[in-house]
Amino acid sequence: MPLAVAVAAALVLMSCSSEQSAAPSSVELTVFAASSLTDVFNKLGDDFRKTDPAAHFRFNFGSSSTLATQIVNGAPADLFASADEDNMAKVVAAGMSLGATQAFASNRLQIAVAPGNPKKIAGPADLARADVVLVLAAPTVPAGKYALEALKKAAVPARPVSQEIDVRAVLNKVALGEADAGIVYVTDVRSASGRVSGVDIPEIDQVTARYPVAVIKGTKAPLVAGRFVDYVLSPPGRTTLASFGFSAP
Amino acid sequence: MSRERPPLAIAILAAIGVAFFLLPLLGLLSRTPWSTAFDELTGSEALTALRLSLVVSAAATAIALLLGIPLAWVYARVSFPGRDLIRALTTLPMILPPVVGGVALLFAFGRRGLLGQTLDAVGIRIPFTTAGAVLAATFVAMPFLVLTVEAGLRSMDRRYEDAARTLGASRSLVFRRVTLPLIAPSVFAGAVLCWARALGEFGATITFAGNLPGTTQTLPLAVYIALETRPEVAIMLSLVLLAVSLAILVAMRDRYLRAF
């Protein structure tokens, strides 16, 4: 089932119709962003529109690997914000980026557990316990790749019951109580606002996720797209990112 | 076979209809790495996913036959208050987005679900198991069987049943020896539709059962995961799914068409 191709085709159709209906003064910006950026990019978009009211955002959040596949296959994105450098490299290698990619944030891993941590999970070592149902993101997804790196550093065997399609799906499995633990980003635990608790991963086992952003070739709004990137990198943008738990790149 | 010439408009629209289905297939074939096809296919992950898909879809069809034929019989033959509403509720998964179906299954059979809490207390876990994948596939696919069999029951000639009854056959004997053979083509068609839907099932499975190679990663899930990193593997897996489905649909065509 060529799902990503179908999604890409649907996006093409949708963008055709919306561009015809949009008023000439407004500019639509289609942003493909890693699912860990869901909350902060919605906020950044809202803030950006206060200075640039003509800009209208359409966000497509998903795993960076899915988004990169969609862009390489011609999905109409103006901007791509990836949760890792590998998937951005795929887009760059396909000649789909316009100008240089820029790192705008970084993120750390945390273990998401049920609120109050009923299973008393203290760190990565507890994830190998037989009574702990562990869920990770798929190894093809940045969050899954980072999680495996962290577990390897901690010398903990990774035995997840499921490899979810993106990091938000991992978070949801823990929030719904189906899994006892999942490795997600610090920012995901924060955004879950009480539905999960976070258990820190020791500094020695930590993995840093770097988030690059690039304008995508073929954009109809390169200027606005560039201005949005500048805004994300500006001090107010950095402040917003920090308020959602992201670190400086 | 009729040799009637179709009106031009009908011929054109029908041709567009065919092209609409053939173009994506051709797209898939055009990207197929034929030179390395064999290596991709014999990779263990492809075979694991194919085997699991066949097991899950067959199990889902078996459960659907076991529960679906009696259900269809009740819908077709028994009149009771609220029948239409209950029939609509049990066919809802046909139009429900599968992901929603998966979430609903979690709220029923998940660890904190209505029934799942009890199951968990006695040590039975359904999500993240092959049984969970079967449950998800059955949930979305069984309505196809129920509706097809019910249509068969409604259109069959009931005089044969009446004759058997007047000759002294018991109700269960009539069902087994008269009704079932008469609706066999509908049961067959319903089972094929149900199996095909179960084979392609994605959303409810990944939401309810998760994704783990060998346990819950059916072929559609393997395709989705592979598409992101190794598209050539995804294409080969898709072709396997297509080939298996096509072989069975073509082999069943005669019986399949007769039922409708």
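Given the structure is predicted, the values throughout are model-derived calculations rather than measurements.

### Describing the overall build of chain B
In step 1: Of regular secondary structure, chain B possesses 13 helices and zero strands.
In step 2: The order of helices and strands in chain B, counted from the N terminus, is α-α-α-α-α-α-α-α-α-α-α-α-α.
In step 3: For chain B, the C-alpha atoms occupy an extent of roughly 65 × 65 × 30 Å along the three principal directions.
In step 4: The 260 residues of chain B split such that 37% are buried.

### Some points on the overall build of chain A
In step 1: Along chain A, the regular secondary structure elements total nine helices and 10 strands.
In step 2: Taking all 249 residues of chain A together, 49% fall into the buried category.
In step 3: The contacts of chain A with a sequence gap of at least 6 include a subset with a gap of at least 24, amounting to 79%.

### Overview of the domain arrangement of chain A
Residues and elements named next belong to chain A.
In step 1: Segmenting chain A into domains produces domain 1 (3–106 + 210–243) and domain 2 (109–205).
In step 2: In this structure, domain 1 and domain 2 have C-alpha centres spaced 27 Å apart.
In step 3: Secondary structure elements with two or more residues in the side of domain 1 that touches domain 2: α2 (38–51) and α3 (64–72).
In step 4: When its residues are assigned to classes, the side of domain 1 that touches domain 2 shows one nonpolar, eight polar and two charged.

### Description of the sheet that holds strand β7 (residues 162–164) of chain A
Residue and element names in this part refer to chain A.
In step 1: Taken together, the five strands give an open sheet; going across it, the order is β7-β6-β8-β5-β9, and neighbouring strands pair in mixed fashion. Edge positions in the sheet fall to β7 and β9 (197–200), since each has one partner strand and no second. Neighbouring strand axes in the sheet, compared pairwise and without regard to direction, differ in orientation by 35° on average.
In step 2: The sheet contact formed by strand β6 (residues 134–137) and strand β8 (residues 181–185) spans two bridges and is parallel. What sits directly across from L134, in β8, is A181.
In step 3: Along the sheet, helix α5 (residues 142–153) makes contact with β5 (109–113), β6, β7 and β8, crossing β6 at roughly 125°.
In step 4: Strand contacts of helix α6 (residues 167–175): β5, β6, β7 and β8, with the helix running at about 140° to β8, the strand carrying the most contacts.

### Things to note about helix α4 (residues 85–93) of chain A
All names here are of chain A.
In step 1: For α4, the set of buried residues is N87, M88 and V91. Buried residues of α4, viewed axially, fall in a sector of 100°; they line one side.
In step 2: The positive-phi residue at the C-terminal boundary of α4 is G95, with phi of around 70°.

### A closer look at the interface of chain B and chain A
In step 1: Taken together, the 22 residues of chain B in the interface contact 17 residues of chain A.
In step 2: The dominant element in the side of chain B that touches chain A, judged by the number of residues it contributes, is helix α12 (residues 219–229) of chain B, at seven residues.
In step 3: The residue inventory of the side of chain B that touches chain A, partitioned by class, reads 12 nonpolar, seven polar and three charged.

### Points about the sheet that holds strand β1 (residues 27–34) of chain A
All names here are of chain A.
In step 1: Taking strand neighbours across the sheet as the criterion, the five strands line up as β2-β1-β3-β10-β4 in an open arrangement whose pairing is mixed. The sheet is open, and its two edges are formed by β2 (55–62) and β4 (97–107), each paired on a single side. Neighbour-to-neighbour, the strand axes of the sheet open up by a mean angle of 20°, direction not taken into account.
In step 2: Along the sheet, α2 makes contact with β1, β2 and β3 (79–81), crossing β2 at roughly 175°.

### A look at helix α9 (residues 171–182) of chain B
In step 1: With 12 residues, α9 of chain B should cover 16 Å at 1.5 Å per step; its first-to-last C-alpha distance of 15 Å lies within 8% of that length.
In step 2: Within α9 of chain B, only one of the 12 residues are buried, which leaves the element largely exposed.

### Some points on the environment of L223 of chain A
Residues and elements named next belong to chain A.
In step 1: Topologically, L223 is positioned in helix α8 (residues 222–233).
In step 2: The exposure class assigned to L223 is exposed, which follows from the 10 C-beta atoms found within 10 Å.
In step 3: Residues L223 and Q206, 17 residues apart in the sequence, show an inter-C-alpha distance of 37 Å.

### Digging into the nonpolar core
In step 1: Grouped together as the largest cluster of nonpolar side chains are 137 residues, with contacts concentrated most on L79 and F80 of chain A together with L237 of chain B.
In step 2: Examining the composition of this core, we find that 15 residues originate from one element, helix α7 (residues 130–155) of chain B, more than from any other.
In step 3: When residues of this core are assigned to domains, at least three map to each of domain 1 (3–106 + 210–243) and domain 2 (109–205) of chain A.
In step 4: Beyond its immediate chain neighbours, meaning those up to four positions away, F80 of chain A contacts F32, L67, I71, V91, V213, A214 and I216 of chain A.

### What about unusual backbone geometry?
Residues and elements named next belong to chain A.
In step 1: Positive phi, normally seen in glycine, also occurs at N117, with a value near 50°.
In step 2: Take N117: it is sitting in the loop between β5 and β6.
In step 3: In this structure, A155 is a non-glycine residue whose phi angle is positive, near 55°.
In step 4: As for its placement among the helices and strands, A155 is situated in the loop between α5 and β7.
In step 5: We classify A155 as exposed; it has 10 C-beta atoms within 10 Å.

### Considerations on the packing of α3 of chain A against α4 of chain A
Residues and elements named next belong to chain A.
In step 1: Close contact between α3 and α4 brings their axes to 9 Å; oriented N to C, the two are set at 5°. In this view, α3 runs roughly parallel relative to α4, as classed from their interaxial angle. Packed against α3, whose contacting residues are S64, S65, A68, I71 and V72, the element α4 presents N87, K90 and V91 at the interface.
In step 2: Its residues placed into classes, the contact of α3 with α4 shows four nonpolar, three polar and one charged.

### So, the environment of F80 of chain A
In step 1: Of note, F80 of chain A is situated in strand β3.
In step 2: Between the C-alpha atom of F80 of chain A and that of F48 of chain A, which follows or precedes it by 32 residues, the distance is 17 Å.

### Some details on the environment of K220 of chain A
In step 1: Examined against the element boundaries, K220 of chain A turns out to sit in the loop between β10 (209–216) and α8.
In step 2: Residues K220 of chain A and A77 of chain A, 143 residues apart in the sequence, show an inter-C-alpha distance of 9.6 Å.

### A look at the confidence of the model for chain A
Close inspection of predicted coordinates is inappropriate for parts of the model with low pLDDT.
In step 1: Averaged over all residues, the pLDDT of chain A equals 89, while 90% of them reach at least 70.
In step 2: Confidence over residues 11–24 of chain A falls short of pLDDT 50; this stretch has eight contacts with residues more than four positions distant or in other chains.

### Some words on the confidence of the model for chain B
Residue and element names in this part refer to chain B.
In step 1: When the pLDDT values of chain B are averaged, the result is 89; 96% of them are 70 or greater.
In step 2: Of all helices and strands in chain B, the one with the weakest mean pLDDT is helix α2 (residues 37–42) (70), whereas α7 scores best (96).
In step 3: ipTM for the predicted complex: 0.78, alongside a pTM of 0.81.

Reading guide: rules and limits
Residues numbered from 1 in each chain as written. Chains lettered and ligands numbered in written order. Predicted model: local features only at pLDDT ≥ 70, side-chain atom pairs only at ≥ 80, totals over all residues. Helix = DSSP H or I, 4+ residues; strand = E, 2+ residues; numbered from the N terminus. Buried ≥ 20, exposed ≤ 12 C-beta atoms within 10 Å, placed from the backbone. Contact = placed C-beta atoms within 7 Å. Domains from an automatic or database assignment. Nonpolar A, V, L, I, M, F, W, Y, C, P; charged D, E, K, R; others polar. Pairing = 2+ DSSP bridges. Axes fitted to C-alpha atoms, helices over the stretch in contact; angles between N-to-C directions. Arc of directions from axis to C-beta. Expected span 1.5 Å × (residues − 1). Core = buried A, V, L, I, M, F, W, Y, C linked by C-beta atoms within 7 Å. Parallel < 35°, antiparallel > 145°, perpendicular 65-115°, else oblique. pLDDT = per-residue confidence, 0-100.

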